[in-house]
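Structure assessment
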Amino acid sequence: MLSPLIGNVVVNKSMLLLLTSILLTTKSTSSTHAFSSQPPTHHRVIVIGAGVGGLATAARIKSSLPSTTEVLILEKNGREQLGGRCGSFNVTVGNGTFRHERGPSLLLLKEEYERLFEDCGKRPPTTKNDNVHDANSSRSSSSKTAAEAYGLQMKQCIPAYQVVFDDGDTISVGFPRSKCSQGLSIEDIKQIQILEQESIMKLNKLEPNGFDKWTEYLNTCAAFLDCGLPNFIEERLDVSTLPAFMVEALKDGAKRWPLQPHSTMLDSLFHSPKLKAMASFQDLYVGLEPYKNDQQLGGGVLRKTAPAVFGLLAALELHPTNEKAGVFAPVGGFRQVAESMYQLCLDNAVKIKFDTSVTRITDDGVHFVSKGENEDDEGRGFLPADLIICNADIPFATETILSSASSLSNDGDKYDWNDKFDYSSGVIAFHWSFSQPLEALNTHNVFMSAKDSKAAVSSWSVLRDADTEGDTRSAKTPLKGQPFNFYVHRASYTDETAAPPGCDSIMVLVPCRGLVREPDLGLLPRDEAISKYKQQFDVDLINDVREAVIERLSVLEGFEFLHDNLLDEVIDTPGTYADYYNVGGGVPFGLSHGLGQLSLTRPGAEPKTHGNVLFVGASSRPGNGVPLVLIGAKLVAQKAIKKLQRI
């Protein structure tokens, strides 16, 4: 069928395709594309949100379909917040610029990033000069990867983590065996070998044969990883991994059974509270605690207690030989990840419109509100679409832009969420810029409370207590002096561009409860609702958390006078994340991953209420974290292509 723009004129099909291709190519030369409310020539796909899921899905759809398929991304934020939670921001103090991450800070499953650029990239990888060889480096010159052709360079962090306990003990973990292939100098490798030997000695000091037990634990987790990744995350059957999985699961009388509480398996392997803490801190990333909850069915694994199978996260980050394992840092920060994906979209003629919020999804398209050049300028409109990819957070989207109630809202911009789900923890983030380097920190640092078993369990109370009735509007119990866990990112350890010479920038993430939903706020204009939600995290609470963190940091050398060297502070709370990203409850990690919200029990891509919508992102299947979202984007793109081919 010919476009209505052509009317009754009969045009040669090849000329029509050529004309359409020229028009699309001309439009794609600008970084921000104008869009028309006219019906598309063939198919129009609208993607809501330029987060990782939206960018990756858009690139995959557009690169796989004819040029007559229009793919348009609508992003609520400006160009500077490209990538959603996967982004960085700068702080300028004097003549110096400090870079901070607002979302992810460590990069896992490097191959998933590479695969996106290999599948959709238009820029052929170039070859470096093979005649050049650095005598101080263990790596010779080689070809650029598909991701590097788009400016994305991923550098491995060795060791992966430093663990800091509240009594001042430190231990480094995550030493891959393939050090010589990482582009390190000979001196770097020698220093890593020294750190690794120190780590082995400390593990054995924590308890007899501590290193052997740690290795045995990681090997069990690697079997979980090798089976879990293809079969439950990528949704492709791989029976070859099942024998090793079952051997580990049934070992020692099934003491490593993957569906029991994580702490039950750890109790069978370790005696030291510190080793148990080291083996389970990754559970926080999926919004779960490792400890058995006797008040809940199955010890809590259906909701907020991590099943033992989540030990696969430890293998993914720390296993020395597993080919999937390793912690990496994107050079230039995670904004470079988003920027590279953005360029990939432009190369595939994906159109992107910033400062445009979708207020309602219908069976025919989307209603939107678009900001003008002036703050008070606002435009409203409707765009027809054959298919809509929703990268907005599912709990937010289902309660607002997909809700039947939204049809009565006069298409205004709102903020609300479905609070019937189980959520990951909220986060209070301190982004600190310092006038001196903080040499005692690694790239990734986990501060853990594990003086004894009671303190270790109590340090996870923020997740367990989130299931109880109560209010988080004020700090009832001071955090200072209480056991709690937190994470510190120091980007300059692996990427010197993160801070000016002689200075440093760090991000501190402290788990907290999410926002307490107030249904009446969902009826207010968005800005008013967000303002009220931000008040749930008041100055007194923030000050208490800050002082508690500084007290814990003081166990490290050189941190005694931290206040004196602080140049700038930026604070994010669940209210901030709700404002920037429309995440339900202001929780940046999305829905938690208890067995009740895992794999087939997690919200899928296809909502029951709208046949023209597909979900992609952290709260949908397969789960949160950039690599899982990339895997989800590939699966959603395949579904989208099949739907479009049937239209």
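See the structure printed just above.
Counted according to the given criterion, the structure contains 16 aromatic pairs. Taken together, a centroid distance of 5.4 Å and an interplanar angle of 55° make the contact between Phe-224 and Phe-245 tilted. Here Phe-224, found in helix α5 (residues 210–233), pairs with Phe-245, found in helix α6 (residues 242–254); they are 21 residues apart in sequence, far enough to count as distant. Since its relative accessible area comes to 13%, Phe-245 is described here as buried. When the ring of Tyr-415 is compared with that of Trp-417, the centres are 5.5 Å apart and the planes differ by 40°; the resulting orientation is tilted. By the burial criterion, Tyr-415 is buried, and Trp-417 matches it. An aromatic cluster is defined as three or more aromatic residues linked by ring pairs; in this entry it consists of Phe-396, Tyr-415, Trp-417 and Tyr-533. In this structure, Arg-102 is placed above the aromatic ring of Phe-89, and the distance from its NZ or CZ to the ring centre is 4.1 Å. Cation over ring: Arg-552 sits above Phe-484, and NZ or CZ is 5.0 Å from the ring centre.

Another point: unusual backbone geometry. Here the bond from Ile-158 into Pro-159 is cis, since omega is -5°, no more than 30 degrees from zero. By the element assignment, Pro-159 lies in the loop between β5 (154–156) and β6 (161–165). Phi angles above zero are rare outside glycine, and Asn-209 is one such case at about 60°. You can see Asn-209 is positioned in the loop between α4 (186–206) and α5. Its identity is not glycine, yet Asp-252 carries a phi of approximately 55°, on the positive side. Structurally, Asp-252 can be placed in helix α6. Its relative accessible area of 45% is what places Asp-252 among the partly exposed residues.

Glancing now at the sheet that holds strand β19 (residues 613–615). The parallel open sheet is built from five strands, whose spatial order is β9-β2-β1-β13-β19. Each of the sheet's edge strands pairs with one partner strand only, and the pair in question is β9 (351–353) and β19. On average, each strand axis in the sheet is tilted by 20° relative to the strand beside it, whichever way the strands run. Most of the contacts of helix α2 (residues 52–64) go to strand β2 (residues 69–74), to which it runs at about 170°, and overall it touches β1 (43–48), β2, β9 and β13 (387–390).

Moving on, we get to the pairing of β6. Most of β6 sits inside the fold, with five of its five residues counted as buried. Of the two faces of β6, the one carrying Tyr-161, Val-163 and Phe-165 and the one carrying Gln-162 and Val-164 are both buried. A loop of four residues connects β6 with strand β7 (residues 170–173), the two strands running antiparallel in sequence, and Gly-168 in this loop sits at a positive phi of about 100°. Here four bridges tie β6 to strand β15 (residues 444–448), and the two strands are oriented parallel to one another. Following the sheet pairing, Gln-162 is matched in β15 by Asn-445.

Conventions used here
Residues numbered from 1 in each chain as written. Predicted model: local features only at pLDDT ≥ 70, side-chain atom pairs only at ≥ 80, totals over all residues. Heavy atoms only, no water. Phe/Tyr/Trp six-rings, centres within 6.5 Å; stacked < 30°, edge-to-face > 60°. Helix = DSSP H or I, 4+ residues; strand = E, 2+ residues; numbered from the N terminus. Buried < 20%, exposed > 50% of the residue type's maximum accessible area, 1.4 Å probe, protein only. Lys NZ or Arg CZ within 6 Å of the ring centre and 35° of its normal. Pairing = 2+ DSSP bridges. Axes fitted to C-alpha atoms, helices over the stretch in contact; angles between N-to-C directions. Contact = heavy atoms within 4.5 Å.

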